[in-house]
Amino acid sequence: MSTGSGAASAPAPDPYDTKTALDAPARKNSMFSSLRIRNYRLFFLGQVVSNIGTWMQRIAQDWLVLSLTGSSAAVGITTALQFLPMLLFGLYGGVLVDRLRKRPTLLVTQSAMALTSIALAVLTLTGLVEVWHIYVAALALGLATVVDNPARQSFVSELVGPGQLQNAVSLNSANFQSARLVGPAVAGLLITGVGTGWAFLLNGLSFVAPLTGLMLMRTRELHPVERAPRGKGQLREGLRYVAGRPDLLWPIVLVGFMGTFAFNFPVYLSAFADDVFHGDAGVYSMFNTLMAVGSVSGALLAARRGTARLRLLIVAAMAFGALEILAAASPELWMFALIMVPLGLVSMTVNVTTNTSLQMSTDPSVRGRVMALYMMVFLGGAPVGAPIVGWVTDTYGARVGFAAGGAIAMTAAAVIGLVLARAGGLRLAVGWHHGHPSVRFVPRDRVKALAPAA
């Protein structure tokens, strides 16, 4: 499928071009350049407030389930229910997003999420809440996310156009992770001070900010993208598009493995806070806050980069797995907490690099479906992985569960890195570069030239 005329997209790269596949050149950007655009600025500010509320609810929800049940597996079930709709219906959500106007769609989905949080707040504040209520609320949020996530992801290109897309995607990630610095800390204070219900209520009210921002946007300043017409076979069309592009397919496979087994932080961190270090909600929120410090740094560094490098994705994924294994073996609370900072940085590098490379390489007419597939694999893996890692954590301990997730991430990154290198016509070369030992991927015809002399 060729790039449509007048499409708000970067040209689709050749997946077998070595510069595209693993070593695309980067351009330096102003760190906050996309904030000069009024519509994006409104979107960004609205998300700042809403994201703080979202992180408050995440901490409160996980801790409430753990308090009611005493089970890491129950926390895993909650996570699974929240992301199960993405696994089951994510691709259909992408088809809808490609057909619908993004701004009205987001007004509906954000309103639905606000009402769900307020309903859970009422149940909790009145003392009527039971675990099944939390399960139902998690499932309802997941249903709204099926459409909301790909709509928000693809709406960014309409807000800023192709020239600022890399910067805007990175700032979105920095936005979400900056909220992680505030949300968990506030949630910890609320939970220990007045109860979890207030965290749910404040999250529901926080949606006023993005809804107001969406209503204040100037339609004439949006970058129009041609919507996909209704028709048969659009779901299969999107799948065929990704299957024919190794530069899209394999990064999605990689984040699928990581999202399923390695990114289950509600299970891992709550178990370490409660079972390993015998802490309270404040310790759990501290872990999340420290991860956010690293995540914000990773997102801001990404905002300064130009075209995403898939080589960076592979390296960051391997580093992420190694850090999880190191954290799992940490004997002291302070050591475990310290590792959360670089762990957050490399996890954000994985997220931003994947998101940006997919958006900038995809035809706008199928962008909703591609991003839905990405989110379905990344978030939808949780219904499969969360109960499994929750059971492993309950049965063998938090350390074993965390280390296993890291080992899976490292293995997947190594294998997929080799697959991408082969698809790009590259081979691993071990030799000397400028007088120093060198291990890197180079075109096949250069391997002999780089090999050390016999």
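Preceding block: the structure.
Residues numbered from 1 in each chain as written. Predicted model: local features only at pLDDT ≥ 70, side-chain atom pairs only at ≥ 80, totals over all residues. Heavy atoms only, no water.

S.K.: It is not clear to me how the environment of Ser67 should be interpreted in this structure. Could you clarify?
M.R.: Along the chain, Ser67 turns up in helix H2 (residues 38–69). Residues Ser67 and Ala281, spaced 214 residues apart in sequence, show a C-alpha to C-alpha distance of 9.9 Å. Reaching out from Ser67, the side chain makes a polar contact with the backbone oxygen of Trp63 at a distance of 2.8 Å. (Helix = DSSP H or I, 4+ residues; strand = E, 2+ residues; numbered from the N terminus. Polar contact = N/O pair within 3.5 Å; in protein donor to acceptor, adjacent residues only side chain to side chain.)

S.K.: Help me understand the pattern of salt bridges, please; the structure alone is not making it clear to me.
M.R.: Pairing is possible between side chains that carry opposite charge, provided their charged atoms lie close to one another. Counted according to the given criterion, the structure contains 4 salt bridges. The shortest N-O distance in the salt bridge between Lys102 and Glu158 comes to 3.5 Å. A residue pair is termed long-range when its members are at least 10 positions apart, and Lys102 in helix H4 (residues 102–125) and Glu158 in helix H5 (residues 131–160) qualify at 56 residues. Using a relative accessible area of 8% as the deciding quantity, one classes Lys102 as buried. The partner of Arg152 in a salt bridge is Asp148, with the nearest N and O atoms 2.7 Å apart. With Arg152 and Asp148 both in helix H5, this residue pair falls 4 residues apart, about one helical turn. (Salt bridge = Lys/Arg side-chain N within 4 Å of Asp/Glu carboxyl O. Buried < 20%, exposed > 50% of the residue type's maximum accessible area, 1.4 Å probe, protein only.)

S.K.: Got a minute to help me understand helix H10 (residues 246–262) in this structure?
M.R.: Since there are 3.6 residues in each turn of an α-helix, residues three or four apart along the chain are aligned in direction. Over its 17 residues, H10 extends 23 Å from the first C-alpha to the last, a length consistent with the 24 Å expected when each residue adds 1.5 Å. Among the 17 residues in H10, 12 count as buried, and that is most of the element. Turning to H10, its buried residues number three or more, namely Pro246, Asp247, Leu248, Pro251, Ile252, Leu254, Val255, Gly256, Met258, Gly259, Thr260 and Ala262. (Expected span 1.5 Å × (residues − 1).)

S.K.: Any chance you could explain the packing of H10 against helix H14 (residues 333–361) here in plain terms?
M.R.: For any two helices packed against each other, the geometry is given by the interaxial angle and the distance between the axes. With their axes 10 Å apart at the nearest point, H10 and H14 run at an angle of 150 degrees to one another. Comparing the axis directions of H10 and H14 gives the class roughly antiparallel. Judged by the sense of rotation from one axis to the other, the crossing of H10 with H14 is left-handed. From H10, Asp247, Leu248, Pro251, Ile252, Val255 and Met258 reach across to H14, where they touch Val350, Thr354, Leu358 and Ser361. Its residues placed into classes, the contact of H10 with H14 shows 7 nonpolar, 2 polar and 1 charged. (Axes fitted to C-alpha atoms, helices over the stretch in contact; angles between N-to-C directions. Parallel < 35°, antiparallel > 145°, perpendicular 65-115°, else oblique. Left-handed = near helix turned anticlockwise from the far one by under 90°. Contact = heavy atoms within 4.5 Å. Nonpolar A, V, L, I, M, F, W, Y, C, P; charged D, E, K, R; others polar.)

S.K.: Explanation requested: the packing of aromatic side chains in the structure shown.
M.R.: The relation between two aromatic rings is expressed through the spacing of the ring centres and the mutual angle of the planes. Overall, the coordinates contain 16 aromatic pairs when judged by the stated rule. Ring geometry for Phe272 and Phe336: centres 4.4 Å apart, planes at 15 degrees, overall stacked. Residue Phe272 is found in helix H11 (residues 265–276), and its partner Phe336 is found in helix H14; the two are separated by 64 residues along the sequence. Across the pair, exposure class does not vary: Phe272 and Phe336 are buried alike. Following the ring pairs from residue to residue traces out a cluster consisting of Tyr268, Phe272, Phe277, Phe287, Phe336 and Phe402. Its guanidinium or amino end placed over the ring of Trp55, Arg58 lies 4.7 Å from that ring's centre, counting from NZ or CZ. (Phe/Tyr/Trp six-rings, centres within 6.5 Å; stacked < 30°, edge-to-face > 60°. Lys NZ or Arg CZ within 6 Å of the ring centre and 35° of its normal.)

S.K.: How should I be thinking about the side chain of His133 in this particular structure?
M.R.: Relative to the elements of secondary structure, His133 occurs in helix H5. Dropping the residues within four chain positions of it, His133 is found in contact with Leu120, Leu123 and Leu128.

S.K.: Sorry if this is basic, but what is going on with the packing of H4 against helix H7 (residues 196–206) here?
M.R.: It is the contact of H4 with H7, at a shortest axis distance of 8 Å, that shows an interaxial angle of 160 degrees. Comparing their axes, H7 and H4 come out roughly antiparallel. When the axes of H4 and H7 are compared, the crossing they make is left-handed. When H4 is examined against H7, the residues Ala114, Ser117, Ile118, Leu120, Ala121, Thr124 and Leu125 are found in contact with a partner set consisting of Thr196, Gly197, Trp198, Phe200, Leu201, Asn203 and Gly204. For the contact of H4 with H7, the per-class residue count stands at 8 nonpolar, 6 polar and no charged.

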